[in-house]
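# Structural overview for review
Here's the letter readout for the chains.
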Amino acid sequence: MKAFFKCLCTLILLSTGVWSCSEEQDFDQFDDLSITPTLASSLFSVEAEESFINSVPVVNTFYSNTFNFDPFNENFVAERLLEGTINYEFVNSTSKPIAITIEFLDEAGNILDTEIFDIAAGPGFTATRDVTYGTGGKPLAILTTTSQIRVNGFNLGDNMSVSSESDPRIIMNSAAEFLFRLE
Amino acid sequence: MRFKFIVLFPIILMVFGLHSQNKQLLYDFYEIPQSLMVNPGVNAQERWHVGVPVISGLSLQAATSGVTVNDLFANDGIDFNVKVRERVLDAMGRRDDFSTTTQIEVISFGYRGRNRPDDYYSFGMYGETDVIVYWPRDLAILAFEGNGGANIGRGFDLGHLNVRGEMVNVFHFGVNRKMNDALTLGVRAKLYSSIFNFKSVNNSGTFSTVPGENNTLANTITADMQLQTAGVEGFIDILEQDGGRRDDLERLFAQRVLLGGNLGVGFDAGFTYKLNPQTTITGSILDVGFIYNTKDIKNYTLQGSASNEGINIFLPEDIDDLGADLWQELVDEIEAAVPFEDNSDGFISFRPLKVYGSIRYDFGQGGKTLSRECGCAINVTESTTTDYYKNSVGGQLFVIKRPLGFQPALTGFYQRRFGRTFTLKTTYTVDKYSFSNVGLGINLQAGPINFYLLGDNLLAYRNIADSHYASLQFGINILSWNDN
């Protein structure tokens with residue numbers, strides 16, 4: 001019996017001790033892990049037919065709307081946002097110059113930032129603008145405290161002219177790419 | 001930190017995880033009583049055996065089909081994020097998996113029928129944990145890279161999420177019968193007492209970001225995903241309580257072990273057939289069974305389809321929506337289209353089916369029949385002369401049913417018997433995890449005490465951290481070859 005257990009110990013030592021060697025490992029490297037995905041999504045768009053713009057009796061302002069917009073100030077987003085870019089695209093096929101303003105408002109309705117876009121008369125006018133936030137751009141706090149967005153559309157032309165295009169309209173699209181640090 | 005853990009948990013498990021249910025060293029190693037557990041029709045020799053409780057059969061196996069511990073954590077001065085990028089994200093595919101399989105034999109008995117000495121009855125109880133998680137490649141890339149930049153236009157396959165796991169206690173009873181000099185058959189009935197079970201398989205769907213129709217981008221998700229759990233909520237509820245946690249956990253665990261949870265049934269079957277005195281073929285099919293989960297169920301579903309292009313205002317159609325909460329409407333619309341819900345519907349979970357087959361050629365005649373020399377080898381007819389061979393060589397095939405299909409392993413082996421007390425078996429196995437898996441097993445018979453030790457992929461022990469596969473099985477039994 002004694003020999004048996006001697007043999008047993010020897011075999012276990014052989015299998016787990018002699019054979020199992022390992023190079024030096026540094027598990028603290030795990031703390032260096034950086035996960036920074038870029039998330040992309042459309043934000044909002046406004047599309048107005050020229051006939052609608054002409055029909056608004058109030059001269060100048062054909063649209064004004066303030067709406068709740070919470071994606072930026074959600075805790076998960078606000079705490080992890082590193083930088084971002086909002087891309088605006090404009091297509092104007094109407095006969096009149098248009099101005100669009102985007103106002104970023106906090107929860108109390110205070111204006112945090114305003115983007116003003118002057119859009120030349122169409123048809124065939126297109127433009128894009130990238131607005132960066134974070135490194136080299138506007139303060140990130142504008143985004144992380146934005147709770148509402150106000151969109152204003154101004155007709156800088158008249159209420160009579162009609163574009164030669166078959167379906168004239170002003171289109172504003174917007175999308176964002178944000179860099180997050182998940183870890 | 002929590003997110004990091006969630007994201008890298010599969011990697012770590014893959015690195016450290018216990019893997020594979022292939023017991024190629026134990027299979028057809030008929031000197032070891034536990035070989036009955038991988039082939040109930042093995043050529044059983046002993047008159048009776050009793051496993052030393054808890055340590056009669058311990059099986060621990062570890063493997064990785066992708067990255068190793070050393071790949072990630074070697075102190076080599078390379079930036080950890082570069083290693084994760086090059087060795088995990090760029091290198092691993094959706095069929096790379098990690099899994100854990102541990103088996104602890106709690107009770108094991110066997111005896112030969114007094115009136116039917118050709119029958120060997122064995123029964124007992126063992127606990128088994130089996131978890132497999134396939135590397136969710138697209139979901140990992142989505143987490144690390146996001147859907148922006150170069151990934152616009154790319155479809156992320158939600159079907160890459162494949163997870164299955166369970167802890168189960170198994171009560172079993174088997175009969176091994178020598179039909180004639182050439183054929184031995186065996187069957188084992190099993191009663192499964194589930195401790196917990198979860199699975200998320202057969203998922204489908206995509207998430208993509210492409211140029212939109214009404215805005216710059218369109219994020220589109222089509223999902224048909226489900227996570228089914230049974231027996232998990234009970235443990236979570238206890239863990240979330242403040243006091244009495246350990247006692248409650250132990251009580252619940254004991255209850256589930258002793259048939260107090262979800263139950264199932266199954267069977268194993270196997271055979272050994274001598275083609276001629278020196279050539280033997282064997283085969284077995286294990287865990288043909290299921291568990292019917294009706295208690296402590298919580299399933300989660302994500303099913304539907306939605307496309308989001310942000311808040312879209314069309315004039316004049318939407319002029320009446322001034323003052324509406326457009327953002328909340330958008331969120332509600334998406335949640336309604338792709339609802340994340342839970343239910344308590346029962347479900348059936350099948351056990352991981354396993355099939356073994358082998359061919360063995362014996363040579364190097366070492367003596368007369370075992371029965372003549374030592375009174376053992378009950379599994380031979382007294383009047384028949386069965387040659388005893390010192391050497392065996394052969395091949396084995398193992399196939400296991402996994403969520404993504406059947407997974408094979410091919411083994412060549414050589415076995416050497418040194419008298420009646422000591423047997424060596426060495427194997428070379430090729431499977432998806434390793435092409436250099438050399439294993440060694442020993443069986444030692446010291447009087448009535450039987451000890452076995454089986455180790456896999458021994459070459460990798462030179463740097464275990466760089467190993468793709470490692471396993472160890474051992475056990476101690478008391479057995480009788482005759483009437484002692």
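Residues numbered from 1 in each chain as written. Chains lettered and ligands numbered in written order. Predicted model: local features only at pLDDT ≥ 70, side-chain atom pairs only at ≥ 80, totals over all residues. Heavy atoms only, no water.

### Describing the packing of aromatic side chains
This model, assessed by the stated rule, comprises 22 aromatic pairs over all chains. Between Phe 178 of chain A and Phe 180 of chain A the ring centres are 6.4 Å apart and the planes differ by 85 degrees, which places this aromatic pair in the edge-to-face class. Classification of Phe 178 of chain A as buried rests on a relative accessible area of 7%. Taken together, the ring pairs connect Phe 109, Tyr 111, Tyr 121, Phe 123 and Phe 173 of chain B into an aromatic cluster. When the ring centre of Phe 406 of chain B is taken as origin, the NZ or CZ atom of Lys 401 of chain B, which lies over that ring, is 5.9 Å away. Seen from the ring of Phe 418 of chain B, Arg 416 of chain B lies directly overhead, with NZ or CZ sitting 5.3 Å from the centre. (Phe/Tyr/Trp six-rings, centres within 6.5 Å; stacked < 30°, edge-to-face > 60°. Buried < 20%, exposed > 50% of the residue type's maximum accessible area, 1.4 Å probe, protein only. Lys NZ or Arg CZ within 6 Å of the ring centre and 35° of its normal.)

### Description of the pairing of strand β19 (residues 422–430) of chain B
Residues and elements named next belong to chain B. Side chains Thr 423, Lys 425, Thr 427 and Thr 429 project from β19 onto a buried face, and the interleaved Phe 422, Leu 424, Thr 426, Tyr 428 and Val 430 project onto a face without burial. In the sheet, strand β18 (residues 405–418) pairs with β19 via nine bridges, with the strands oriented antiparallel. By the bridge assignment, Leu 410 is partnered in β19 with Val 430. Between β18 and the antiparallel strand that follows it, β19, lie three residues; Gly 419 among them carries a positive phi value of about 65 degrees. In this sheet, strand β20 (residues 437–446) lies alongside β19 in antiparallel orientation, the contact comprising eight bridges. The residue bridging Thr 426 from the neighbouring strand is Leu 440, located in β20. Counting the residues between successive antiparallel strands, the hairpin from β19 to β20 contains six residues. (Helix = DSSP H or I, 4+ residues; strand = E, 2+ residues; numbered from the N terminus. Pairing = 2+ DSSP bridges.)

### Structural notes on the interface of chain A and chain B
Size of an interface, as often reported, equals the accessible area lost when the parts are brought together. Chain A puts 56 residues into the contact, and the matching count from chain B is 67 residues. Between chain A and chain B lies a buried interface of about 5,100 Å² when both sides are counted; carbon and sulfur atoms form 63% of it. Summed over the shared surface of chain A and chain B, the number is zero salt bridges. Counting across the chain A and chain B interface gives 26 residue pairs in polar contact (both at pLDDT 80 or more). Where the side of chain A that touches chain B is concerned, the elements lending two or more residues are α1 (2–18), β1 (38–49), β2 (61–68), β3 (81–92) and β8 (169–180) of chain A. (Contact = heavy atoms within 4.5 Å. Buried area = accessible area lost by both parts, 1.4 Å probe. Salt bridge = Lys/Arg side-chain N within 4 Å of Asp/Glu carboxyl O. Polar contact = N/O pair within 3.5 Å; in protein donor to acceptor, adjacent residues only side chain to side chain.)

Read these as geometric descriptors, not functional statements.
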